[in-house]
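Examining the three-dimensional arrangement
Residue-level listing of the chains:
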Amino acid sequence: MRKNVKLFAVIILVFSLLLTSCGVKDTTSSNVPESDVIYQVMIDRFYNGDKSNDDPEVSKGMFDPTYTNWRMYWGGDLKGLTEKIPYIKGMGVTAIWISPVVDNINKPAIYNGEINAPYHGYWARDFKRVEEHFGTWEDFDNFVKTAHANGIKVVLDFAPNHTSPADENNPDFAENGALYDDGKLLGTYSNDVNKLFHHNGGITNWNNLKDLQDKNLFDLADLDQSNPIVDKYLKDSIKLWFSHGIDGVRLDAAKHMPMEWVKSFANTIYSVKKDALLFAEWMLSGPTDPLYGYNIQFANTTGFSVLDFMLNRVIRDVFGKGYGFDRLNDTIEETNKDYDNPYKLITFIDNHDMPRFLSINYDKDKMHEAIAFIMTSRGIPAIYYGTEQYLHNDTNGGNDPYNRPMMEKFDGNTKAYVLIRELSKLRKATPALQYGKTVARYVSDDVYIYERQYGKDIVVVAINKGEETTVKNIETSLRKGKYSDYLKGLLEGVNLKVERRNSENNILSITLPKDSVSIWTNVRVK
Ligand code: NOJ
């Protein structure tokens with residue numbers, strides 16, 4: 001008897017080891033990060049929930065209630081964001097990525113007589129405090145608590161590469177890069193007794209990693225993470241935010257910090273939260289970026305995934321500028337090979353550093369198609385706030401800061417809002433969209449038909465961004481039968497009939513309407 005028990009235990013052990021080594025995942029769980037849908041919010045531009053912090057005493061004079069000076073604070077805050085959580089949840093969003101909320105400089109940086117306030121949050125002075133324009137620790141805790149109660153994770157944008165604008169020869173410029181430790185001054189850029197900063201001038205060679213890491217990004221005082229004081233300060237700071245309940249980090253300016261340090265930073269985070277959602281902004285200019293190899297190395301070794309800039313550039317070319325789908329499919333195939341875990345890449349059509357999609361192509365159909373693509377292709381989709389309300393301002397081509405308008409409405413019935421909601425449900429319902437492999441079934445300039453499959457779950461997506469067209473004889477893994485469009489015609493999609501021919505399942509002929517997205521699946525969504 002005891003022998004049998006032992007044998008049974010050994011069989012179970014071998015079996016589970018085999019499953020792990022095959023990379024088999026628990027297909028019943030929808031709580032894996034790959035099922036996430038992220039919503040990116042710039043706090044200052046979202047919703048003003050507390051007028052009392054619009055122009056705080058300690059940092060007076062940087063608020064513009066008329067929304068005309070795009071480089072001033074406009075009043076959005078943590079209370080406002082908390083109030084709007086039900087609206088965000090209604091889209092099926094499972095994680096909110098918030099712009100940095102650490103305390104930023106209290107004086108503006110004046111360039112050519114123009115005030116530049118740190119409404120965006122990337123000019124820190126104290127990583128251990130909450131920016132007073134956005135609220136208090138209590139407001140932050142309340143935001144996290146409400147998000148969690150609604151099944152939403154909180155991802156904090158964190159910028160440990162630098163403090164704020166500084167000029168070595170002009171200590172009176174802004175706050176002179178000052179760094180504080182919960183209120184205690186550690187140093188400034190021109191009085192750097194603790195050697196907190198690099199003093200090598202601004203970056204000149206943008207293709208040289210060393211230059212990027214050891215020199216100032218623009219005029220931002222570049223922290224030296226190899227200094228033990230800085231290292232400990234930044235790690236203690238991030239632990240503090242995790243102790244306030246955050247679930248993940250979007251790491252700013254990642255290519256400007258040594259990879260080894262980023263790795264140790266990730267380890268610090270994992271030591272306090274082993275399932276933290278970590279991704280980094282490791283900006284790439286496009287497929288020919290000479291630093292692409294480092295980007296891959298970063299994503300594969302540091303413990304941080306990356307925002308998928310490679311795919312982003314191509315999505316904008318294909319849906320925004322009329323390029324053919326072969327580009328998109330090639331990029332998917334190449335990046336799938338290069339990144340160890342392409343399912344954890346963060347996909348997006350736009351963000352706060354580039355013109356919004358509608359500013360490069362004012363065609364809502366194309367934007368819906370692009371959204372449908374990121375919601376169904378590999379990677380975790382991130383939707384930039386307001387996309388679902390067609391928010392955009394095209395001044396100066398829609399470049400920063402015009403890509404950061406104040407959120408104007410919170411309408412839960414726009415086509416984009418409903419689209420995101422329905423596709424979030426599908427993502428959550430099936431591992432096929434979370435970590436299923438992608439097989440291209442048909443690729444032309446205007447038509448892209450791809451299949452995602454995991455186990456028995458199959459999702460087929462057909463996007464036609466051109467005129468009505470009929471495509472024939474397409475192989476599929478879907479079994480013989482009839483499939484209705486999952487989106488019920490929301491994007492003009494059609495129903496499908498799959499036949500069995502020559503021992504293959506086949507779409508003999510399908511007519512795809514102009515500008516349509518059809519989604520066919522054998523997955524039942526509740
Ligand atoms: C990238 C951020 O996304 C951008 O908005 C910011 O200005 C720079 N990093 C510097 O922090």
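What counts and how
- Residues numbered from 1 in each chain as written.
- Predicted model: local features only at pLDDT ≥ 70, side-chain atom pairs only at ≥ 80, totals over all residues.
- Heavy atoms only, no water.
- Helix = DSSP H or I, 4+ residues; strand = E, 2+ residues; numbered from the N terminus.
- Rg over C-alpha atoms; globule rule 2.2 N^0.38 Å.
- Buried < 20%, exposed > 50% of the residue type's maximum accessible area, 1.4 Å probe, protein only.
- Near = heavy atom within 4 Å.
- Polar contact = N/O pair within 3.5 Å; in protein donor to acceptor, adjacent residues only side chain to side chain.
- Areas by Shrake-Rupley, 256 points an atom, 1.4 Å probe, with all protein chains shown as cover.
- 1 Å grid on protein atoms, 1.4 Å probe; cavity = no way out; pocket = protein on both sides within 12 Å on 5 of 7 lines; lining within 4 Å.
- Sits in = over half its atoms within 2 Å of the grid points.
- Nonpolar A, V, L, I, M, F, W, Y, C, P; charged D, E, K, R; others polar.
- UniProt positions renumbered as here; feature names shortened; annotations may be inferred.
- Phe/Tyr/Trp six-rings, centres within 6.5 Å; stacked < 30°, edge-to-face > 60°.
- Lys NZ or Arg CZ within 6 Å of the ring centre and 35° of its normal.
- Expected span 1.5 Å × (residues − 1).

This part is about the overall build of the chain. When its secondary structure is counted, the chain shows 14 helices and 24 strands. A compact globule built from 526 residues would reach a C-alpha radius of gyration of about 24 Å, and the chain, at 24 Å, matches this within 12%. Judged by the C-alpha coordinates and their principal axes, the chain covers about 80 × 70 × 45 Å. Taking all 526 residues of the chain together, the buried fraction comes to 58%.

Here the focus is the site of the ligand. The full set of residues close to the ligand is Tyr122, His162, Arg250, Asp252, Glu281, His352, Asp353 and Arg404. Within the contact set of the ligand, an oxygen atom lies 3.1 Å away from a side-chain nitrogen or oxygen of Arg250. Contacts to the ligand include Asp353, whose side-chain N or O atom sits 2.4 Å from an oxygen atom. Taken by itself the ligand offers 300 Å² of open surface, and the protein chains cover 86% of this. In this structure, the ligand is accommodated by the largest pocket. Residue composition of the shell around the ligand, grouped by class: one nonpolar, two polar and five charged.

With numbering aligned to this structure, UniProt lists the feature "domain: Glycosyl hydrolase family 13 catalytic" (unreviewed entry) at residues 40-427. Split by type, residues 40-427 is 33% helix and 15% strand. Its first and last C-alpha atoms lie 18 Å apart.

So, about the side chain of Asn216. The topology assignment puts Asn216 in the loop between helix H5 (209-214) and strand E11 (220-222). On the basis of relative accessibility, which here comes to 6%, the residue Asn216 falls in the buried class.

To continue, consider the packing of aromatic side chains. All told, the structure shown has 33 aromatic pairs when counted by the stated rule. For the ring pair Tyr292 and Tyr339, a centre distance of 6.5 Å and an interplane angle of 85 degrees mean the geometry is edge-to-face. Taken together, the residues span a long stretch of sequence, with Tyr292 in helix H8 (residues 292-301) and Tyr339 in the loop between helix H10 (325-338) and strand E15 (346-347) at a distance of 47 residues. By relative accessible area, Tyr292 is classed as buried at 16%. Judged by relative accessible area, Tyr339 falls into the buried class, the value being 3%. Three or more aromatic residues joined by ring pairs form one cluster here, namely Tyr39, Phe46, Tyr47, Tyr87, Tyr384, Tyr385, Phe410 and Tyr417. In this structure, Arg45 is placed above the aromatic ring of Tyr119, and the distance from its NZ or CZ to the ring centre is 4.0 Å.

This part takes up helix H9 (residues 309-321). With 13 residues, H9 should cover 18 Å at 1.5 Å per step; its first-to-last C-alpha distance of 17 Å lies within 8% of that length. Burial within H9 is extensive, with 11 of its 13 residues counted as buried. Every buried residue of H9 is accounted for by Phe309, Met310, Leu311, Asn312, Val314, Ile315, Arg316, Asp317, Val318, Phe319 and Gly320. Gly322 lies just past H9 and shows a positive phi near 85 degrees.

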